[in-house]
Amino acid sequence: MKSQGKFKRGKSLSSLFVRLGVVSLLGVGITATGCLDRPVGKLSPETTSLIVDKISQDRVDKIDLLFMVDNSASMADKQAILQDAVPDLVGRLVNPVCVDNMGVANQAATDALQPTDDCPAGLGREFEPILDIHIGVITSSLGGFGANSNACKDPGGPRTGEKEDMASLLGALPRGQAALMGETNVNAAGLGFLEWTGTGRAGLESAFSKLVAVTGEEGCGYEASLEAWYRFLVDPEPYDQLTAVVCPGAPGPDMNCRTPSGIDNGILAQRAAFLRPNSLVAVIMLTDENDCSVKAGGQAWYVAETGTAMWRAASKCDASPTDPCCYSCGQAPPAGCAADPVCGDPANTVESGDFYLDAMNRLDAIKDPGNLRCFHQKQRFGVDFLYPTQRYANALTQRSLCMTRNDLSVDNCGDTGRVVANPLFTVPDGSNILPRDESLVFLAGIVGVPWQDIVVNPAPGMPITGNVPLKYQTYEQMSTNHTWDLLLGPDNGLTPGDPLMLEQVSARSGNSPAVNEPLAPVTAGHMANSINGHEWTPGGSDDLQYACIMPLPMPRDCAALTAAGDMRACDCQGPTETPDGQNNNPLCQKANDNYGFVQNYAKAYPGIRELDVINQFGTLRPKNAVVASICARNVDDPTADDYGYRPAIGAIVDSLKEQLQDRCLARPLAIDAEGNVPCSIVEAKPIGDSTAACTCSPAAARDDVRAEAVPLVHRKMEQSGLCKGADCATKFCLCEVTPTRGSDPPVTVDEKAAEVDCQTNEVTASSTNGWCYIDADQGIGSPAIVAKCPATARRKLRFVGKGKLAQGTTTFVACLGANLASSSVVPMTAADGG
């Protein structure tokens, strides 16, 4: 391998990037810690404190979007609204809007352009068009989790109906294949996803819309919204089936446990083709109910066995579900806990695995309706049969997974645990492609939460009204504004600050803070509460109160549908129009306060587990977590900014573009009298075993790296998960990007001219290569080039010509002395093409 050289005296690559979470001018995101504790100054020969940190990974030029669409009852109306949002999503990515220097969008000018066209004079794209996109759609139906009898089995077997899609890409299932017949932009190998390569936008939108349309609403009512995307996107070993086995330690022959067996090679093949190792990946969930991801294996299947009542919980569980003496009456008391009097004596019963096979200690149908097996399980049953939510946050953030733990935590795996690589962050053996950076993984949820709780309120403390522009808070804003306290409270949904987010069968009470309105009682009039109408009385106690409701674009006549034999997802099928009819369901209430057969509203329940995962993920990736409401504010005016899920799509793309656009600097760089800034940028290029591939050519605006920096860069590469041990030195080539003003003093006339060109011309000369520093406040360079930066941060490092950070590389900064915090970097409002 070519030896790495040394710094030439006076090199001036900017310390802009020390300890930073910066993005390159080509739109690559970074994360880091630290602070700018003193001004950045010129490198001096006497200084020996060399700091190295990663500043970027690759230019984002491809996106893999995975939509998890709930396909249970009541979802058809929401799926139709998502179809309307398809052009908004596709258009924002493939034909980014043209904006002026103040970031104001010109949609009319954009609509007249093709993705590869330049914006009119005075305008620039908000980010570079993405010309390589994969779009996949999966559903929430993972079948019955091994139960002997429930409503989540397809008669023809898995993947033949809508109950057991098992996280296969919808386009590869029979109904998806039929919908995509004759469509363009479909994966040619029949693996079920859509492909955009720069042409055929109308075909992409058409195919995407058709996939959403055939998602359906006859899927399993135990919506495994979280486990579905984990199974498709991450699970290193997706099981092929759940097999009945004798429970460990059970005395009899009854096969009362389940064990995952086999590998679903179909899922692995779809994933391998869909998921590129260096793409930006976004998971987008659309669901109107809480997640019900039942554990695969053991006796968790009992909770899905609708023909058998569940065991009651010990008395401590109701008030203190985390108490160590909270247990199921179908089990023996935990060690050190006295037998609870509410539980019968199991001494004369047969134990099978963890549970006693008896008829004692079971709940009745009122307390255990089959429709409500998934909420507050620990309080009601004494056991949580669902996977912990930490499992899904870990799946999106850890480079390795502990397969012997339900939460996948490698920190708690133990000596006997089994650790495997996370497919999200791996590359094929022998590949020269860099593994995906953690900053390129996003999670968004369009879920059951009032939009009023999460909207950006221009007048803090004032009630939200329909006249307020609908823009959703970012994760950081939700944290600062204590919005998470409203949605989840201190105990992940047991005591949320907004009582509308409380999962409960009986009518709730309290005040909804977002609109400063009390929850309306069961007997209240039409839309007495502006968010959920009012509380209601679920018949048979087999349903929950609503988090929010929204007008249906087309009201549904349930009586007519019933007469026609169509019983799908209609909530107003009762026999009366009296005020007591329909259990006072606000979905069926008329403006005159009477109730009828016509359903005027759609519903959503609190999406507690989905929100909990987004919150956990956001603590690690605050710019990559998005929350939006499935209850659209406006379903009547398609031209309005708040129509349907347009605000949700806007929030998602605004989050993604953090990785797609340029960044500006919140703090200035210190520059010496000669105009130098003291750092060097080092590119790490994977070369596999080809040692001859390492060339740092001045003709390519690259130079050798100072020998002292090499081991420090290698160490940082290993810390970043790019390589291990000797591979960092043997399988990567390190080169330094050169500045436009040259590497060695004194600066020549030509070098100075190149720097001026970089700093002042929006379109630089073809002979200008490297980087330069522009700072409007210090009078360095043209203000026009940084005009799209925020007013308080109109400064940036600009890479031009051959100096642009190369695709397929990771970039590090080696700097003497100072630190620059990630807070020193802010996104630009548009790309400047530099």
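Keep in mind it's a predicted model, so treat the numbers as computed, not measured.

Asker: Could you give an account of the overall build of the chain, with specific residues and numbers?
Answerer: A tally of regular secondary structure across the chain gives 18 helices and 28 strands. When burial is assessed residue by residue, the chain has 57% of its 834 residues classed as buried. The long-range share in the chain, meaning contacts at least 24 apart out of those at least 6 apart in sequence, stands at 71%. Counting only carbon and sulfur atoms, one obtains 53% of the accessible surface of the chain, whose full area is about 31,400 Å².

Asker: Mind laying out the sheet that holds strand β3 (residues 98-99), listing which residues take part and the relevant values?
Answerer: On the basis of which strands lie adjacent, the open sheet formed by three strands has the order β4-β3-β5 and antiparallel pairing. Unpaired on one side and paired on the other, β4 (105-106) and β5 (124-125) mark the two borders of the sheet. Bridge analysis of β3 against β5 gives two bridges, and the strand direction is antiparallel. Directly across from Val99, in β5, lies its bridge partner Gly124.

Asker: Describe the state of the cysteines, listing the residues and the values that go with them.
Answerer: Per the stated rule, a full pass over the model turns up 15 disulfides. The disulfide partner of Cys317 is Cys326, and the gap between their sulfur atoms is 2.1 Å. Torsion about the S-S bond of the Cys317 and Cys326 cystine: about 110 degrees, corresponding to right-handed handedness. Accessibility expressed as a relative area gives 5% for Cys326, which makes it buried.

Asker: So what's going on with unusual backbone geometry? Residues and values would help.
Answerer: A positive phi angle, near 60 degrees, is found at Phe145, a position not held by glycine. Examined against the element boundaries, Phe145 turns out to sit in the loop between β6 (133-139) and α3 (174-179). One non-glycine residue, His376, adopts positive backbone phi at about 45 degrees. Within the secondary structure, His376 sits in the loop between β12 (355-356) and α8 (377-381).

Asker: Go over the packing of helix α5 (residues 225-233) against helix α9 (residues 390-397), please, and point to the residues and values.
Answerer: Two quantities define a packed helix pair, namely the angle between the axes and the distance from one axis to the other. At a minimum axis separation of 10 Å, α5 and α9 run at an interaxial angle of 30 degrees. It follows from the interaxial angle that α5 and α9 lie roughly parallel. Two packed elements cross with a definite hand, and for α5 against α9 that hand is left-handed. Contact residues: Leu226, Glu227, Trp229 and Tyr230 in α5; Arg391, Tyr392, Ala395 and Leu396 in α9. Of the residues that constitute the contact of α5 with α9, the class distribution is six nonpolar, no polar and two charged.

Asker: Kindly report on the pattern of salt bridges, identifying the contributing residues and their values.
Answerer: All told, the structure shown has 33 salt bridges when counted by the stated rule. The salt bridge partner of Asp61 is Lys62, with a shortest N-O separation of 3.1 Å. Of the residues examined, Lys62 reaches a relative accessible area of 10% and is grouped as buried. We note a salt bridge from Arg795 to Asp775, for which the minimum N-O separation is 3.4 Å. Here the residue Arg795 occupies a position in strand β26 (residues 795-800), and Asp775 occupies one in strand β25 (residues 770-775), the gap between them amounting to 20 residues. The class of Arg795 is buried, set by a relative accessible area of 4%. For Asp775, a relative accessible area of 0% puts it in the buried group. Members of the salt-bridge network, linked through shared partners, are Arg92, Glu126, Lys471, Asp654 and Lys657.

Asker: Talk me through the pairing of β26; I want residue IDs and the actual numbers.
Answerer: Burial of β26 is extensive: six of the six residues sit out of reach of the surface. Neither face of β26 is left uncovered, since the one carrying Arg795, Leu797 and Phe799 and the one carrying Lys796, Arg798 and Val800 both have all their residues buried.

Conventions we followed
Residues numbered from 1 in each chain as written. Predicted model: local features only at pLDDT ≥ 70, side-chain atom pairs only at ≥ 80, totals over all residues. Heavy atoms only, no water. Helix = DSSP H or I, 4+ residues; strand = E, 2+ residues; numbered from the N terminus. Buried < 20%, exposed > 50% of the residue type's maximum accessible area, 1.4 Å probe, protein only. Contact = heavy atoms within 4.5 Å. Areas by Shrake-Rupley, 256 points an atom, 1.4 Å probe, with all protein chains shown as cover. Pairing = 2+ DSSP bridges. Disulfide = S-S within 2.5 Å. Axes fitted to C-alpha atoms, helices over the stretch in contact; angles between N-to-C directions. Parallel < 35°, antiparallel > 145°, perpendicular 65-115°, else oblique. Left-handed = near helix turned anticlockwise from the far one by under 90°. Nonpolar A, V, L, I, M, F, W, Y, C, P; charged D, E, K, R; others polar. Salt bridge = Lys/Arg side-chain N within 4 Å of Asp/Glu carboxyl O.

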